[in-house]
Structure formats: C-alpha cells, structure tokens
Amino acid sequence: MAREYDVEAVERKWQERWRDEETYEVDNDDPRPSFYALCMYPYPSGAAHQGHVRNYTFGDLIVRYQTMLGKAVLSPFGFDSFGLPAENAAIKTGAHPREFTEARIVELKSSLTRLGAMYDWRREVRSHDPSYVRWNQVIFERLLEAGLAYRSNALVNWCPGCQTVLANEQVLADGTCERSGDVVIKRDLEQWFLRITAYADELLEGLDALEWPERVKTMQRNWIGRSEGCELDLVVEGRDGSDGRAPLAVRVFTTRPDTGFGMTYAVVAPEHPLLDELITDSQRAEVDDLVARAATETEIERTSSSGGPGALDKRGAFTGSFVRNPFTGSPIPLYVADYVLMGYGTGAIMAVPAEDERDWAFAQLHGLPIVRTVAPPEGWDDSGGGAYSGEGTKINSGFLDGFGIAEAKVRAIEFLEAAGLGERKVNYRLRDWLISRQRFWGCPIPIIYCPEHGAVPVPEADLPVLAPDDVEFLPTGQSPLAHHAGFLHTTCPTCGGPAERETDTMDTFVDSSWYFLRFCDPFDSSAPFDPGAARRWMPVDQYIGGIEHAILHLLYARFFTRALIDVGLAPGLPREPFHRLFTQGMIRMGGSKMSKSKGNLVAPEKYYGTVGADGLRLFHLFVGPPADDFDWTDQTEEVIDGCGRFLERLWRLETAELAVRDGAATEADTEVRREVHRTIEAVTGDFERWSYNTAVAHTRELVNLLTRYIHSDGGVNAAVVQEALDSVLLLLAPMTPHVAAELWERRHPDAAALHAQRWPTFDPALVRASTVTLVIQVNGKLRDRLEVDPGIEEGEATALALASAKVVDALGGAAPKRVVARPPRLVNVVV
RNA sequence: GCGGACGUGGCGGAAUGGUAGACGCGCCGGGUUUAGGUCCCGGUCCCUUCGGGGGUGGAGGUUCGAAUCCUCUCGUCCGCACCA
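Fair warning: this is a prediction, and the values are worked out from it, not measured in the lab. (Residues numbered from 1 in each chain as written. Chains lettered and ligands numbered in written order. Predicted model: local features only at pLDDT ≥ 70, side-chain atom pairs only at ≥ 80, totals over all residues. Heavy atoms only, no water.)

> Which parts of the structure should I look at to understand the overall build of chain A?
A tally of helices and strands in chain A yields 27 helices and 32 strands. On the principal axes, the C-alpha backbone points of chain A span a range of 115 × 85 × 50 Å. The burial tally for chain A puts 53% of its 831 residues in the buried class. Contacts in chain A between residues at least 24 apart in sequence constitute 73% of all its contacts with a sequence separation of at least 6. Here chain A displays about 34,900 Å² of accessible surface, and carbon together with sulfur accounts for 50% of that area. Each charge sign in chain A was given a centre, from 85 positive and 121 negative side chains, and these centres are 3 Å apart. (Helix = DSSP H or I, 4+ residues; strand = E, 2+ residues; numbered from the N terminus. Buried < 20%, exposed > 50% of the residue type's maximum accessible area, 1.4 Å probe, protein only. Contact = heavy atoms within 4.5 Å. Areas by Shrake-Rupley, 256 points an atom, 1.4 Å probe, with all protein chains shown as cover. Lys, Arg positive; Asp, Glu negative; His and termini not counted. Charge placed at Lys NZ, Arg CZ, Asp CG, Glu CD.)

> For this particular structure, what's the right way to read the sheet that holds strand β14 (residues 422-427)?
Two orientations exist for strands paired in a sheet by backbone hydrogen bonds: parallel and antiparallel. Spatial strand order, β9-β8-β14: 3 strands in an open sheet with antiparallel pairing. The two strands at the open ends of the sheet, each matched to only one other strand, are β9 (249-254) and β14. Strand-to-strand twist across the sheet, computed as the mean angle between neighbouring axes with direction ignored, equals 30°. Pairing geometry for strand β8 (residues 227-235) and β9, over 6 bridges, is antiparallel. Note that in β9 the partner of Glu 231 across the bridge is Phe 253. Its contacts with the sheet put helix α12 (residues 405-418) on β8 and β14, and the angle it makes with β14 is roughly 125°. (Pairing = 2+ DSSP bridges. Axes fitted to C-alpha atoms, helices over the stretch in contact; angles between N-to-C directions.)

> So what exactly am I meant to see when it comes to the pattern of salt bridges here?
Any two side chains of opposite charge can pair, given that their charged atoms come close. With the rule as written, the count across this model stands at 60 salt bridges. Across the pair Asp 120 and Arg 122 runs a salt bridge whose closest N-O atoms are separated by 2.9 Å. A residue is classified by how much of its surface remains accessible, and Arg 122, at 38% relative accessible area, is partly exposed. Two residues, Arg 673 and Glu 723, come together in a salt bridge whose shortest N-O distance is 2.9 Å. Note that Arg 673 is positioned in helix α21 (residues 667-688) and Glu 723 in helix α23 (residues 718-732), a separation of 50 residues in sequence. (Salt bridge = Lys/Arg side-chain N within 4 Å of Asp/Glu carboxyl O.)

> Before we go on, may I ask you to explain the packing of aromatic side chains in this structure?
The description of two aromatic rings rests on the distance between their centres and on the angle between their planes. A complete count under the given rule lists 47 aromatic pairs for this structure. Centre to centre, the rings of Phe 82 and Trp 441 are 5.0 Å apart; their planes meet at 80°, and the pair counts as edge-to-face. Remark: Trp 441 occurs in the loop between β16 (436-437) and β17 (447-450) and Phe 82 occurs in the loop between β3 (78-79) and α3 (84-93); sequence separation between them is 359 residues. The class of Phe 82 is buried, set by a relative accessible area of 4%. Between Tyr 150 and Phe 193, the ring centres sit 5.5 Å apart and the planes meet at 15°, which makes this aromatic pair stacked. One end of the pair, Tyr 150, is in strand β5 (residues 149-159); the other, Phe 193, is in strand β7 (residues 185-194), with 43 residues separating them in the sequence. (Phe/Tyr/Trp six-rings, centres within 6.5 Å; stacked < 30°, edge-to-face > 60°.)

> Is there a simple way to think about the pairing of strand β32 (residues 826-830) in this case?
Along any regular strand the residues' side chains alternate between the sheet's two faces. Relative to β32, strand β29 (residues 772-778) is paired through 4 bridges, and the arrangement is parallel. Pairing of Val 778 across the sheet is with Val 829, part of β32. Relative to β32, strand β31 (residues 818-822) runs antiparallel, the two sharing 5 bridges. Paired with Val 820 across the two strands is Asn 828, which belongs to β32. Counting the residues between successive antiparallel strands, the hairpin from β31 to β32 contains 3 residues.

> Sorry, what's going on with the side chain of Asp 60 here?
Position of Asp 60 among the secondary structure elements: in helix α2 (residues 50-68). By relative accessible area, Asp 60 is classed as buried at 1%. Filtering out sequence-adjacent residues up to four positions away, Asp 60 remains in contact with Gly 116, Ala 117, Met 118, Arg 617 and Pro 737.

> How should the nonpolar core be read in this particular structure?
Grouped burial of nonpolar side chains is what soluble globular proteins tend to show. Among the nonpolar cores identified, the biggest contains 89 residues, and Tyr 36, Trp 433, Phe 516 and Phe 560 are the most heavily contacted of them. Broken down by element, this core gets its largest block of residues, 10 residues, from helix α17 (residues 552-566). The residues contacting Trp 433, other than those within four sequence positions of it, are Ala 167, Trp 192, Phe 193, Leu 194, Ile 196, Asp 507, Phe 509, Val 510, Ser 513, Tyr 556, Phe 559 and Phe 560. (Core = buried A, V, L, I, M, F, W, Y, C linked by side-chain atoms within 4.5 Å.)

> Sorry, what's going on with a negative patch on the surface here?
Negative charge collects at one region of the surface, where Asp 789, Glu 793, Glu 794 and Glu 796 lie side by side. One can find Glu 793 in the loop between β30 (781-788) and α26 (794-803). For Glu 793, a relative accessible area of 57% translates into the label exposed. (Patch = residues over 30% accessible without salt bridge, like charges linked within 9 Å, V, L, I, M, F, W, Y side chains within 5 Å.)

> I keep staring at the confidence of the model for chain A and nothing clicks. Help me out?
Regions with low pLDDT should not have their predicted coordinates read in detail. Mean pLDDT over chain A stands at 89; residues scoring 70 or higher make up 95%. The spread of mean pLDDT over the elements of chain A runs between helix α10 (residues 299-303), the lowest at 51, and strand β2 (residues 72-74), the highest at 98. Note that residues 303-311 has pLDDT below 50 and, in this model, 7 contacts with residues that lie over four places away or in other chains. The ipTM, which scores confidence in the relative placement of chains, is 0.94 for this predicted complex, and the corresponding pTM is 0.92. (pLDDT = per-residue confidence, 0-100.)

> Looking at this structure, how should I read the pairing of β29?
Along β29, 5 of the 7 residues are buried, which leaves the element largely enclosed by surrounding structure. One ladder, built from 7 bridges, connects β29 with β30; its direction is antiparallel. Bridge pairing in β30 links Val 772 to Val 788. Two successive antiparallel strands, β29 and β30, enclose a turn made up of 2 residues, where Asn 779 displays a positive phi of approximately 50°.

> Would you take a moment to explain the environment of Leu 754 for this structure?
With respect to the secondary-structure elements, Leu 754 resides in the loop between α24 (737-747) and α25 (764-767). Along the sequence, Leu 754 and Val 611 sit 143 residues apart, while their C-alpha atoms lie 21 Å from each other. Apart from the residues lying within four places of it in its own chain, the contact partners of Leu 754 are Met 68, Leu 729, Leu 730, Ala 733, Ala 740, Ala 741 and Trp 744.

Next up, the structure:
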C-alpha cells in the first residue's frame, strides 16, 4: 500500500525515542499519584501472536492514558518462564530448557517493542532467574513454618502424557489433562500441599467487593463451592462398643439433616477407608468386583454422563453391614456405590431417596424403601413423581413434623449434637493445592529428607536450591533431578548425616502467585520485596488477562497475597491483590482459538510494513467490545486495511496546507469547536468504561468532520483548526502512539513530546449545544423534529409541539389526552 | 441437569427507558487520475400509491414511550456437573 509517510521509519524512531528517554520507567519515590497497570505475565512461547497484540494494546493504552492524566504509572513486564513446553523441547532436541526459554523471551520482548507497548524493563521478572527461585523457596519455607504448607499422602491426579501430577484445577471436567488432553489417572503419592482451604471463606467473601467481571466471580464462587450442613456418625450395627470391640461408625456429610427420618440406607465410596472392615464374607465377591471396576475406570466414565445426574446407572453393592439411623433408631443397609465420591465431604452419605434424585434412582434400582419427609405440593405424582427436593412441611419425621425445612434443619442438628452424634459443618468443594510436580524445569522444593529428622527445610542461607545443568532429559516419569547423584545426595542440615533432596519442583502457578508483588521492588536482594514499596503500588489498579485464568491463577494469587501478609512477609498490604480485573476476549479463527498448536496463527509481523503497529493496534481497538471474542475472518484483512487508510487520511489532514481566514468565528467554526469538545468528552468516557471500539468511532467522526471543514470553501479559522488538530493527536496518543507522536512533533517542533502532554479536557459550556433536536411524537410515533434551545422549558416545548403542522395533521382534530414533555429532547403527545 | 452471558442490516458492531442501525467493512453510483486494488463525492434495513407503513430471534406484559425492564419460549456461547 502506498503511503504518504514511512510507517516503519516513524515507528522505529519513536520506539527508540521512548526507550532512550525512559518515558515509561517509574521510580518508587515518584511523587505523582500512583497507578499500577498490569497484564498477566505470559509464558514465553516466542514471537507475539494476535492474542498478545490485543492484550498488550489494551494494556499500553491504559499506561499511556493514565500517564497523560498525571499519574506515576507502574507498567512492569515479566515472564512465566518455567513450564512444560521448554522441558518437552529439551527431551526432543537435547537443548537445555534455559537456552530454549531465554531465546523465546528475546523473541517475545522484541515483538512487544515492535508493537510500541511500553514497560519499565528495569523491573523485568523471570520465574526461572535464580533470584526469583530463591524468594520462591523462602516463601515456601515461611508457609511451611506457618503450617500453610504440608506433606501428605494422597490420591492424586497423574497425567501420563505430562508425566506429572496435576492439581484438581488442571483436570478438565471430562477427566483429561487441560494441557496434554490425556486421560488423567489416580495415583497414591506423597506430595506437598498448600493449605488454601484455610482461606476458603475469606476467598469467597472477598469477591463481593471486587470490580471484576461478574462471571469470573461466579466461577470462583462455584469453585470454592461452600455448602452448609452437618456431619453425623452412623453407628455400625453390632459395633457400638458394647461387646468390648472398639466402636465403629461411618461419618457422613449432608446438607439436609432435616430429612434424617427418610434415610433408608447409607452409601460409602468405593475408596472409603472403612469399607474393607464393613464387608461381610457373603458380600465380598460382589463388592470387590464393584471396587475393582471403579478403580480401573477413568474419571470420565465414572462421573460424567451426557444426561447429567441420574442418567448414569447407579451401580452399587450391599456391603452386608447395617448402620443405625440415629433419628429412627432402626438399622438400615450400608451400600457401596460409585455415585458417591471419596473426594467430597466424608466419602459417605446418608441416602434419602424421597428427597434426592440420585438416591431415588438408586433405591428404585435396588428395591430400597422410600419414606417422604417433606410433603410434596398438590398434584405431585407420589409414586412416579420421583424425588421432591423443594420447600414443604415436614411429615413422617417425629419431632420435626410440621416444621419448614429451614427450622427442621436447625432442630435436627440440635438433636444430633445433644446425642453426641454430629455437629454443624460447612463443607467446601475447594481442595488444598497440590504443588508437587515431577518435572525438572520448575522451582525446586527446598527440602532435604533425613532418615533421622524427616523432611528438613534447606537453611535460608543456602537458598536458592538450583537444579544442576548437566542433566539428561528422558521421559521417565520422574524429574531428571531424581537421577542426578550430585543433586540428590546431600547432608542433613540438622545432623549432618547423609540425606536426599526432594526432587520434585513446584507447580508454576506458585511462581505466578506473587510476581506482581516482586514487580513493586525487584531490586531488593534482602527480601522478596520491600513491604513499603509493595504498599505504595498495591493493589494492582487494573489487571488485564484472559478468561482462561478466571479460576486457577486468580484464586491462587488471592490466596498467596493473604498468606504472605499472614506469615509477616507483606505487613500492611491490602488482602485483595487485584482491584479491577478485565478479561479480554479470545481471537478465534474457524471456530477455535487462534493458537500456535492449532496452526492458525496470523502473524502480526505481516502488517508492520503496511498499516504498521499503529494500524494493527487501531484495528484491535476498533473491531468490537474488548471483552467479546473476535472471529478472524476473510473480512478482517479489509478492516485492517481500513484502519491503515484512516491513518493515512489523518496524516494528510494534519499536514494539509490550510486556507486560513481572518475575522470573527463563523457558525461553522463554532460547530467544529463544539464537536472537538464533545469528542474529548466522549472518548474520555469511553476510555473509563473500556469502550475502545466507540472511542475509535468517535475519533473517526471528528476526523471526518475536520476533513470536510478544511476543504470547505470559506477557509478555516486558525485558532479553531489548531485546537482541533491538536486534540485529535492527544486523543489518539494512547491508541496509535507512533503516528500521533510524529505528527505532534511536526506541528510543535519546540514543544514537549505528545506523550508528555496532559490529556485534553473539555469545556462543558461548549459541549452543551446551541441547539438540540427536539423530537415530537404522537402516540410514541415520530412525527416531527425541531431545532430548539437546549434550555427550553417544558411549557414552551409543549406549545411548539402542539403548534407543529405535522402534529396537527397527525392529531386530525382530536384533543390531546396527555402531553409528556422531556425537554429538550422529546415531547410525546398522547390522544 | 444447574448457573451465567448473549440474540440488532450482507458482515463487525452503535444506541443513561426517549430520533434504531453511530463508526467501519462490503456493495452500488458518480468524479479525479486514467496503470491502477489510489484518492474524493453520493447512496446503501425492508415495503411504499412518496402521504407514509413495518422492523432489534418468537409470544405476551409493564410504560405516554421498550433493542433496553418483566414473564414465557426458541436458539447460540461459556462455566460447573452424581458435590450429598
């Protein structure tokens, strides 16, 4: 495309200028009011793709806009540089993950610079830097001291493809790994956990005050999954302790203690620890068969079914044992069934078929009795109607009869507490965070195992524990560290005896849970960050990232911030790290996300020689609401070309020879001024509410008007045209920074650069129009439009409306029944 | 199954309960160059007897007035999913 300005030269010039003049570096003692703008730090996968471009265009707009508002804007950047792709590449090519990763970082940085996105690179943080690893390990040890990190044997999610353990959050609903897509299997391993559940309630309640997208908050609420109910013991028949043997009971969790009188059987999960003891000889074969099948089946087969709850066969077997219903005192059969999950509650339930759909299905299948404890509404088909879980009056429930459900719950719990059989209990879906990974390219867990002293933390003075470089990358299912004698064998810090190092590394979500704090003060070599510096910048004023991090990263970071405060590393910090969150939409192509793995990337480099970084940025801002997904189609190229054409028109407008006219301002001059100020008002409002597509549209409207104005026959007023042309550049400064800065410099060679200017303000008096269009409706239908004074009174507006020939016509002689006047915009005459 | 979001021209999308379709892409017509896939101007929701009439997935409702609020319904997308 032929251009009137040399895009690449102009963009390069300004990128160098901003770098050399340190325009976007900010010191911690900067006296201006602070603003912390942050895009989620990326995994360095190489050159930026369109998703990055969109993301960093929004971020850069905010940085430049807030700077023009007079703020000290903290705009740091870093890399989530530990992770699987580098290690997989190492297994494939033999190159060390560090080399691979650092090469990708160089590529990504250069892409961002080419886009014109501005950061304070002095503050760059990389997860794999020894300095970052060190503080990661220090933090881990502090959490350990505080009891927030612990080691436990657990049934864990093992991904055969990634050859590592996954957190629950990394397993998709269909039981596959979110990263590799392999079916995840269960393994029993000794692993490290972080006690995020200690903060479950606080993490839930804190959501209310956050300016986050509602759907992200909803996702986190669902993930935490708080439910109130009670736990109670079901004493096993014949094992109440009266025969001298230890008493035995099955503990269950329920949210419906009020339905206790309807409990006609109980169920334990196939993995339940007491199960073996509860199986009678006659039932053993049947139960073993069921348990074996449950163990070999994948999560997907067992818990997912197209029809949802109740659609799956309720496979189960009688254990042979009975437990006592504490409400009725009667024995009820104890089953094992795979619809009860060991991972939730106590792994055992009291089954009430009348009020629970799943229990109903199971009871039907196994011929178990059904006793209603809530009267279903009129017309409920009592036999075929199935479980009724709605509101109603208690029946068949002894001392609970006649109460509503809420009251009955309270009384049922009081009864259980009095009998010493149970108590109120809040249960969460949220599990503790498993952070052990059997991988090399991550932060080593700084623990030494001594035969004498067990798991001993590496003394802080000896941190960081770094992985050795001379390792072999083989797909063994264990970290290469486990085969490296030099790393593995060490001495116990406590007794000096021979000991072995932990060879697992931490989940990379640990790294990303506090990097935003390190950004506040990455220069400190005596602490992860200086609490004073962190207090200066935190919380992040505007956090920007993809919706894919709605649960994992954002929940972990919220937990970490609280934990760091509570272990004393971050005194006085706000407990919520991200005040405002924006999740931008994905770029899709052909129905799926545009990504390297899908092979449907459209490289940004393609456009730098034609429309430039500015043209591409303008496109991403203009094409739709930032929160919405965007479909990249055949039409997209033409829209991008259109953005390039706009910048060329802008160039011609700003550099045009003007036919300046002397004398008083004309009506046309005043109208231009008015539109300039209206546009400033509109764009400022658009920026504040993330409506960048309309900000671009408003700016284009003004440019269209000015183009007509400077070509109008009468010539232009010098002051009016100067103000207008300057304002356009100021408004475009955050959106298309290079071309705007260049044109500004040409117009004002001796003034301060564009991006050092203040954001323009509008004159409210000017914004108020000299005339507005008064819409006249008859019965809500548009009949006439009148140009009126904006200060018009209701009476005058009504009079004008009724005098309108078109209104008289439409009324056809009928008398108006009512006149609704909303001056100065509208009058509605009702007959 | 539960929860959430969203349905507006050929397309992306605008519209504090008050002129539906801003801005742009595409398309149509005209002009300048005429080598243009450049640039400029005009048009572009549908119907129309040129007075108007209809129109925001569908059906109702609230209101002087509804794309916007409410109810039902259809469809698309997202999240969760045997969570006791």
